[in-house]
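Chain by chain, the residues:
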Amino acid sequence: MGGTSAQKIGIRLDEVSVRFGETVALDRVSLAVHPGEFFSLLGPSGCGKSTLLRVIGGFEAPDAGRVFIGDEEVTKVKPQSRPTAMVFQSYALFPSMTVSENVAYGLRSRGRSKRDAEPAVLVALGRVGLEELGDRSVTQLSGGQQQRVALARAIAVEPGILLFDEPLSNLDVALRERTRRELRAVQREVGYTSVYVTHDQQEALGLSDRIAVMRDGRVIQTGSPENLYAEPETSYVASFLGGASIVTDPSEMAALTGREELPAGKVLAVRPAGLVVAGDGVGGLPATVTSQQFLGDHREVVFATRSGLELKAHFSEQTPQDLSVGEAARITAVNPKWVLPDQ
Ligand SMILES: Nc1ncnc2c1ncn2[C@@H]1O[C@H](COP(=O)(O)OP(=O)(O)OP(=O)(O)O)[C@@H](O)[C@H]1O
Ligand SMILES: [Mg+2]
């Protein structure tokens, strides 16, 4: 087994719907994950990310639609007969077993003997940097090490497709960042197609080849991190991925952008770093500072306009110093995005 020999398999979902009673967890979701790609499902709690991952893994049967893995339709194929392995948020390790026994578990449950499983276990432990700890009880490991055992267990079966459900959310910030880098390195090395569920936009941006942004059981937009960030199509994607404020009032849009003609049917998404205070007599939108706080590498200032709209701005050290609460200012937007409004 080696990184270059890994079989790369694509995934395709065709109009997949899942209902739980009245709840529509997935609403005609279609998407394609390319072979070898690191693909993230990003969205707020309850938008259907885990359900979509479980449909791919075979743990949830769609009410409608079809699922393909490689060239094969697997809509009705059982989880253990799919080339997928799942890594969970709660690592789901067996506390009574050693590290090696935990990693061997997936292989054993697929009918491999203990001796037969051993080489694959060693390779998997090596990949996650735990070759020294095989004989330890998993209860004697840190959270980050336990997460790596869970990853080793998944890759030991050479699944072709790895499915991750918020695998790092139990780790503290520093460990999460390190484990994220390690996880990405391991994925690059083994080359398995990966689908990664997260509600953390930084995590999705940093890890992914492509991201599907989800909302209310639907995929809203799919693209590379750079593409989604630079070209959000909707106000939802602009605010979820860039923390943009959304301006819908035509006169406010005109004042912020300094243009009379506005694109029909669009609203304006303004990122915090894209708001500037206009000099005297150069137009801009009148606003009042409602809060401001120093956050280390930038200062966050919230403005309110006459219509009651709140606009969040980040200023670097060139911050206009007199922006204290209650101060009036005229603001303009640099490189704002025209996006479709919330439906
Ligand atoms: N077994 C179930 N029975 C009933 N409703 C369910 C079930 N599983 C999920 N749901 C509902 O389906 C919707 C989607 O749930 P899902 O777990 O896929 O969301 P999620 O995006 O993973 O959320 P989170 O970020 O909180 O994990 C939610 O409204 C949820 O309450
Ligand atoms: Mg979930």
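1. Thoughts on the overall build of the protein chain
For step 1, the next point in the chain: The secondary structure content of the protein chain amounts to nine helices and 18 strands.
For step 2, the next point in the chain: Here the protein chain, with 343 residues, has 39% of them falling under the buried criterion.
For step 3, the next point in the chain: Taking all contacts inside the protein chain whose residues are at least 6 apart in sequence as the whole, residues at least 24 apart take part in 67%.

2. Thoughts on the confidence of the model for the protein chain
For step 1, the next point in the chain: The pLDDT averaged across the protein chain works out to 91; a share of 95% of its residues lies at or above 70.
For step 2, the next point in the chain: Note that pLDDT drops below 50 for residues 1-5; the model gives that stretch five contacts with residues more than four away or on any other chain.

3. Points about the site of ligand 1
For step 1, the next point in the chain: Around ligand 1 sit Phe 20, Thr 23, Ala 25, Gly 43, Ser 45, Gly 46, Cys 47, Gly 48, Lys 49, Ser 50, Thr 51 and His 199, and that is every residue in its neighbourhood.
For step 2, the next point in the chain: Looking at the shell around ligand 1, the elements that each hand over two or more residues are β2 (23-33) and α1 (49-57).
For step 3, the next point in the chain: Considering each element in turn, the shell around ligand 1 owes the most residues, three residues, to α1.
For step 4, the next point in the chain: For the shell around ligand 1, a count of residues per class yields three nonpolar, eight polar and one charged.

4. Notes on helix α5 (residues 173-190)
For step 1, the next point in the chain: Given a rise of 1.5 Å per residue, 18 residues ought to cover 26 Å, and the 26 Å separating the end C-alpha atoms of α5 matches this to within 8%.
For step 2, the next point in the chain: Along α5, the residues that are buried comprise Arg 176, Thr 179, Arg 180, Leu 183, Val 186, Gln 187 and Val 190. Projected onto a plane normal to the axis of α5, the buried residues spread over an arc of 135 degrees and lie on a single side. In α5, the exposed positions that point more than 90 degrees away from the buried face belong to Ala 174 and Arg 181.
For step 3, the next point in the chain: Within two residues after α5, Gly 191 carries a phi angle of roughly 75 degrees, on the positive side.

5. Re the domain arrangement of the protein chain
For step 1, the next point in the chain: Entries for the protein chain in the domain assignment read domain 1 (3-232) and domain 2 (240-339).
For step 2, the next point in the chain: On the side of domain 2, six residues touch domain 1, which itself brings five residues to the contact.
For step 3, the next point in the chain: Residues of the side of domain 1 that touches domain 2, tallied by class, amount to four nonpolar, one polar and no charged.

6. With respect to the environment of Leu 171
For step 1, the next point in the chain: Relative to the helices and strands, Leu 171 resides in the loop between β7 (161-165) and α5.
For step 2, the next point in the chain: Using a count of 18 C-beta atoms within 10 Å as the deciding quantity, one classes Leu 171 as partly exposed.
For step 3, the next point in the chain: Distance in space between the C-alpha atoms of Leu 171 and Ser 45 is 18 Å, their sequence separation being 126 residues.
For step 4, the next point in the chain: Filtering out sequence-adjacent residues up to four positions away, Leu 171 remains in contact with Gly 143, Gly 144, Gln 147, Arg 176 and Thr 179.

7. Focus: the sheet that holds strand β5 (residues 72-73)
For step 1, the next point in the chain: A sheet is described by the order of its strands in space; here four strands give the open sequence β2-β1-β4-β5, paired in antiparallel fashion. Bordering the open sheet on either side are β2 and β5, each of which pairs with just one other strand.
For step 2, the next point in the chain: As defined by bridge partners, strand β1 (residues 11-20) adjoins β2 across seven bridges and the pair is classed as antiparallel. Note that in β2 the partner of Arg 12 across the bridge is Ala 32.

8. Details of the packing of helix α4 (residues 143-156) against α5
For step 1, the next point in the chain: Across the interface, α4 lies against α5 with an axial gap of 11 Å and an inter-helix angle of 20 degrees. Overall, the two elements α4 and α5 adopt an arrangement that is roughly parallel. α4 and α5 meet at a crossing whose hand is right-handed. Residue-level inspection shows Gly 143, Gly 144, Gln 147, Leu 151 and Ile 155 of α4 in contact with α5, the latter providing Leu 175, Thr 179, Leu 183, Val 186 and Val 190.
For step 2, the next point in the chain: Looking at the contact of α4 with α5, its residues break down into six nonpolar, four polar and no charged.

9. Some points on the packing of helix α2 (residues 99-109) against helix α3 (residues 114-127)
For step 1, the next point in the chain: Axis separation between α2 and α3 bottoms out at 9 Å; the angle between their running directions is 120 degrees. By the criterion of interaxial angle, the relationship of α2 to α3 is oblique. In this structure, α2 crosses over α3, and the sense of that crossing is right-handed. Contacts between α2 and α3 involve Ser 100, Val 103, Ala 104, Leu 107 and Arg 108 from the former and Lys 114, Ala 117, Ala 120, Val 121, Ala 124 and Leu 125 from the latter.
For step 2, the next point in the chain: For the contact of α2 with α3, the class distribution of residues is eight nonpolar, one polar and two charged.

10. Some points on the pairing of strand β17 (residues 328-333)
For step 1, the next point in the chain: Two strands pair when backbone bridges link them, and strand β13 (residues 275-277) and β17 are joined in this way by three bridges, in the antiparallel orientation. From the neighbouring strand, Val 277 faces β17, where its bridge partner is Ile 331.

11. Focus on the sheet that holds strand β6 (residues 84-87)
For step 1, the next point in the chain: Judged by pairing direction, the sheet is mixed, and its six strands sit side by side in the order β6-β7-β8-β3-β9-β10 without closing on themselves. Each having just a single partner strand, β6 and β10 (218-223) make up the two edges of the open sheet. Shown here is a sheet whose adjacent strand axes are inclined to one another by a mean of 20 degrees, direction ignored.
For step 2, the next point in the chain: Here four bridges tie β6 to β7, and the two strands are oriented parallel to one another. Within the sheet, the bridge partner assigned to Thr 84 lies in β7 and is Ile 161.

12. Regarding the pairing of strand β14 (residues 285-294)
For step 1, the next point in the chain: When β14 meets β17, the two strands line up antiparallel, connected through four bridges. Looking at the pairing, Thr 288 lines up with Ala 328 of β17.
For step 2, the next point in the chain: Here β14 folds back onto strand β15 (residues 299-305), and the loop between the two strands holds four residues, one of which, Gly 296, carries a positive phi near 90 degrees.

Parameters and conventions
- Residues numbered from 1 in each chain as written.
- Chains lettered and ligands numbered in written order.
- Predicted model: local features only at pLDDT ≥ 70, side-chain atom pairs only at ≥ 80, totals over all residues.
- Helix = DSSP H or I, 4+ residues; strand = E, 2+ residues; numbered from the N terminus.
- Buried ≥ 20, exposed ≤ 12 C-beta atoms within 10 Å, placed from the backbone.
- Contact = placed C-beta atoms within 7 Å.
- pLDDT = per-residue confidence, 0-100.
- Near = placed C-beta within 6 Å.
- Nonpolar A, V, L, I, M, F, W, Y, C, P; charged D, E, K, R; others polar.
- Expected span 1.5 Å × (residues − 1).
- Arc of directions from axis to C-beta.
- Domains from an automatic or database assignment.
- Pairing = 2+ DSSP bridges.
- Axes fitted to C-alpha atoms, helices over the stretch in contact; angles between N-to-C directions.
- Parallel < 35°, antiparallel > 145°, perpendicular 65-115°, else oblique.
- Left-handed = near helix turned anticlockwise from the far one by under 90°.

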